[in-house]
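# A structural walkthrough
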Amino acid sequence: MEFKKNLPSDTLSAFCLEVSMLLKSGIPIADGMRIIIYEEKSSKGKTLLENIYDNLEMGLTFSQALKDTKSFPDYMISMVELGEKTGSLEKILNELYLYYKREDELKHTIKNALTYPIFMTVILIIVLIILTTKVLPIFENVFLQLGSEMPKTAITVMNIGTAFSNIAFYIVILFAILGIVAFIMSKTEKGIKTLYAIKNIITKNSKTSEAIGISRLLSALSLTIASGYDTFDALDLGMKLSGNLKVEERVKNCISLITKGNSLPQALELSGIIKSVHASILSIGFQSGYSESAMNEIAEKYKNTAENKINTLISSIEPAIVIVLSILIGIILLTVMLPLWGIMSSIV
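This is a predicted model, so every value here is computed, not measured.

What follows is about the overall build of the protein chain. Scanning the protein chain for helices and strands turns up 14 helices and zero strands. Helices and strands appear in the protein chain in the N-to-C order α-α-α-α-α-α-α-α-α-α-α-α-α-α. Across the 348 residues in the protein chain, those meeting the buried criterion constitute 39%. In the protein chain, 61% of the contacts between residues at least 6 apart in sequence involve partners at least 24 apart. Accessible area of the protein chain: about 19500 Å², with a carbon and sulfur share of 63%.

With respect to the element layout, Ser-9 can be found in helix 1 (residues 9-24). A relative accessible area of 6% means that Ser-9 is categorised as buried. Spatially, the C-alpha atom of Ser-9 lies 8.7 Å from that of Arg-102, the residues being 93 residues apart in sequence. With sequence-adjacent residues up to four places away left out, Ser-9 is seen in contact with Tyr-100, Glu-103, Asp-104 and Lys-107.

Our next topic: the nonpolar core. Membership of the largest hydrophobic core comes to 36 residues, with the highest contact counts inside it found for Phe-15, Met-33, Ile-52, Phe-62, Phe-72, Met-76 and Leu-96. For this core, the element with the highest residue contribution is helix 6 (residues 89-145), accounting for seven residues. Not counting residues up to four positions away in its chain, the partners in contact with Met-76 are Leu-12, Phe-15, Cys-16, Leu-66, Leu-96 and Tyr-100. Counting residues in each nonpolar core, the second largest holds 25 residues, with Leu-282, Met-295, Ile-298 and Tyr-302 among its members.

What follows covers a nonpolar patch on the surface. Taken together, the side chains of Leu-114, Tyr-116, Ile-118, Phe-119, Val-122, Ile-123, Ile-126 and Ile-130 define a hydrophobic patch exposed on the protein surface, amounting to about 710 Å² of accessible area. Mapped onto the elements, Tyr-116 comes out in helix 6.

Inspection of the entire model under this criterion finds three aromatic pairs. Here the aromatic rings of Phe-15 and Phe-72 are separated by 5.3 Å at their centres, their planes lie at 45°, and the arrangement is tilted. In this pair, Phe-15 sits in helix 1 while Phe-72 sits in the loop between helix 4 (62-69) and helix 5 (74-86), placing the two residues 57 residues apart along the sequence. Take Phe-72: its relative accessible area is 7%, and that puts it in the buried class. For the pair Tyr-99 and Tyr-100, a centre-to-centre distance of 5.0 Å together with 75° between the ring planes defines the contact as edge-to-face. As far as the burial class goes, Tyr-99 and Tyr-100 line up, both buried. One aromatic cluster is present, formed by Phe-15, Phe-62 and Phe-72 through successive ring pairs.

Another point: the pattern of salt bridges. On inspection of all chains with the given rule, the structure shows two salt bridges. Put simply, Asp-31 and Arg-34 hold a salt bridge, and the shortest N to O gap is 2.7 Å. Taken together, the residues span about one helical turn, with Asp-31 and Arg-34 both in helix 2 (residues 29-39) at a distance of three residues. Judged by its relative accessible area of 30%, Asp-31 falls in the partly exposed class.

Moving on to helix 3 (residues 43-57). Between its terminal C-alpha atoms helix 3 stretches 21 Å, which fits the 21 Å expected from 15 residues at 1.5 Å a residue. Regarding helix 3, the residues found buried are Gly-45, Leu-48, Leu-49, Ile-52, Tyr-53, Asn-55 and Leu-56. On an axial view of helix 3, the arc spanned by its buried residues comes to 160°, and they lie on one face. Structural note: helix 3 exposes Ser-43, Lys-44 and Thr-47 on the side pointing more than 90 degrees away from its buried face. Against helix 1, helix 2 and helix 4 lie the buried residues of helix 3. Where helix 3 begins, one side-chain oxygen reaches toward the backbone nitrogen of Gly-45, 3.0 Å away; that side chain belongs to Ser-42. Where helix 3 ends, the next residue or the one after it, Gly-59, has phi of about 105°, a positive value.

What counts and what doesn't
- Residues numbered from 1 in each chain as written.
- Predicted model: local features only at pLDDT ≥ 70, side-chain atom pairs only at ≥ 80, totals over all residues.
- Heavy atoms only, no water.
- Helix = DSSP H or I, 4+ residues; strand = E, 2+ residues; numbered from the N terminus.
- Buried < 20%, exposed > 50% of the residue type's maximum accessible area, 1.4 Å probe, protein only.
- Contact = heavy atoms within 4.5 Å.
- Areas by Shrake-Rupley, 256 points an atom, 1.4 Å probe, with all protein chains shown as cover.
- Core = buried A, V, L, I, M, F, W, Y, C linked by side-chain atoms within 4.5 Å.
- Patch = residues over 30% accessible without salt bridge, like charges linked within 9 Å, V, L, I, M, F, W, Y side chains within 5 Å.
- Salt bridge = Lys/Arg side-chain N within 4 Å of Asp/Glu carboxyl O.
- Phe/Tyr/Trp six-rings, centres within 6.5 Å; stacked < 30°, edge-to-face > 60°.
- Expected span 1.5 Å × (residues − 1).
- Arc of directions from axis to C-beta.
- Polar contact = N/O pair within 3.5 Å; in protein donor to acceptor, adjacent residues only side chain to side chain.

This is the structure:
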């Protein structure tokens, strides 16, 4: 594992799995931490793990030791604390492993999905700049040598391309500044809330963002309910982790429906969080004593649904970028080639 100040989902998942396996084998946490420290390769990772070990040796609980490092999310610390109180720490750590594994897979899907369209967009812009600033001036010289002028449309396009290339450097600087500001804001609680609000404004009507939010909510519910959390507390935690305003509104509606006497499966269905078929599975799971398995299955289905929506969105963006690039290049070349072809035909 490679530890950082703000631990990513894959690191959290690996850490939870390692500690869970050690507890399952009957090894005390403090002794288990020494094993993990020995296996850790990075110096930062060793320092963090040694900090946890020292806290355990001083008599702090595992949750307190994690909290003291300020490197673990509050959600994980709360769940570990619950596991300590209920005597189910091994089980909760294993559930946390699955939760952060799903979160990591979802983040990788989003990252991989965004990388190619961004790359294609950058290529599109570069091609258009080269075409308007390098290729069109060559055609302009050809027209002048033939005793004619390049069409006004082509001249306008060329001027726009030249102007854009002149300010491209400043645009890059602007995006770099925005990136630095966002990075600084992400280090403070107030800044995170501001970034969260901006993200919600941008993705307010996004079906893909909504699917991701539902996936995160159900993953959190799967973990919290299996760990013995109160239903209302579980929904409140899941709502905070969803990261989507529409999902948060649905959760609030779900809580209201439960207070009116509806069961959790019914409330989740009526509030539009899950489909009726999944509500039926969950209801049978609660009645048969297999609510944990049912919730895990549903959470996995919605994670796959979110990933499919992301892939569908990207699969539609890719050809759209290619089509736009082809049309723009075609229009630019036609505005030059057709008049040039006419001049060449008249000369012949």
